[in-house]
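A structural walkthrough
Letter by letter, the chains look like this.
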Amino acid sequence: MDVFFPMAGQGARFGNKFKPFLAIDGDTFIEAAVVPFRSVASSISRFVFVYLESQEQEFQVSRRLAAMFAGLPFEVVLLSTPTRGPAETIGLAVDKLGATGAAFICDCDHALDVKPLFDAVAQRTPYDVLLPVWPLDDEDVASWSVARVDAGRVTAIGEKEVPR
């Protein structure tokens, strides 16, 4: 399984800083996001970090990733221009790599318990997509991608808004 981290965002809510390298509790966001995957590393073929060529130039991303994740199999995919969002970012990366097969997509600034998802994959549970969701009660949806889920199926997705 490949694990993709789309990191091509402009970081507007963070003062236009490169969000994956912002620090939280002594680690960067991207280091914290990778931590849960270490326990299932034997199931992972490669980590794929996807970001912009301009970010590589400004923040020396590949050099820093190599230092952070020495010993983990990873690749970077550089995009020449910004995308409309994470889905397009991942689509371009998949095309560039010619990637096929199972994949996990994770935000570069979220750490979540991935073990139940990997357990479902290992049990060959029939699925097209496994998507962790949780209620956004009292949350500012302008901070989230929002999925509408009906009867266990995603029926719409809105980027920073409640989907119609």
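Anything mentioned here points back to the structure above.
Residues numbered from 1 in each chain as written. Predicted model: local features only at pLDDT ≥ 70, side-chain atom pairs only at ≥ 80, totals over all residues. Heavy atoms only, no water.

**Thoughts on the sheet that holds strand 5 (residues 74-79)**
The sheet built from four strands is open, its strands ordered 5-4-1-6 with parallel pairing. The open sheet has two edge strands, strand 5 and strand 6 (103-105), and neither has a second partner. Ignoring strand direction, the axes of neighbouring strands in this sheet form an average angle of 20°. Sheet analysis places strand 1 (residues 2-6) next to strand 6, joined by three bridges and oriented parallel. From the neighbouring strand, Phe4 faces strand 6, where its bridge partner is Ile105. Along the sheet, helix 3 (residues 61-68) contacts strand 4 (46-52) and strand 5; its crossing angle with strand 4, the most-contacted strand, is approximately 155°. The sheet contacts of helix 4 (residues 86-97) involve strand 1, strand 4, strand 5 and strand 6, and relative to strand 5 the element is tilted by about 115°. (Pairing = 2+ DSSP bridges. Helix = DSSP H or I, 4+ residues; strand = E, 2+ residues; numbered from the N terminus. Axes fitted to C-alpha atoms, helices over the stretch in contact; angles between N-to-C directions. Contact = heavy atoms within 4.5 Å.)

**Considerations on the side chain of Gln55**
Summarising the element assignment, Gln55 is placed in helix 2 (residues 53-59). Contacts of Gln55, omitting those with residues within four sequence positions, involve Met7, Ala8, Gly9, Phe18, Gln60 and Val61.

**Quick look at the pairing of strand 7 (residues 145-150)**
When strand 7 meets strand 8 (residues 153-159), the two strands line up antiparallel, connected through six bridges. Note on strand 8: the bridge partner recorded for Val146 is Gly158.

**Considerations on the packing of aromatic side chains**
A full pass over the atoms with the stated rule returns 11 aromatic pairs. Consider the rings of Phe37 and Phe47, whose centres lie 6.2 Å apart with planes at 85°: the pair is edge-to-face. Residue Phe37 is found in helix 1 (residues 29-38), and its partner Phe47 is found in strand 4; the two are separated by 10 residues along the sequence. Residue classification places Phe37 among the buried residues on the basis of a relative accessible area of 0%. Pairwise contacts between aromatic rings join Phe5, Phe37, Phe47, Phe49, Phe69, Phe74, Phe104 and Phe118 into one cluster. (Phe/Tyr/Trp six-rings, centres within 6.5 Å; stacked < 30°, edge-to-face > 60°. Buried < 20%, exposed > 50% of the residue type's maximum accessible area, 1.4 Å probe, protein only.)

**Some words on helix 1**
What helix 1 keeps buried is the set Phe29, Ile30, Ala33, Val34, Pro36 and Phe37. All buried residues of helix 1 project into a common sector of 150° when viewed along the axis, lining one side. (Arc of directions from axis to C-beta.)

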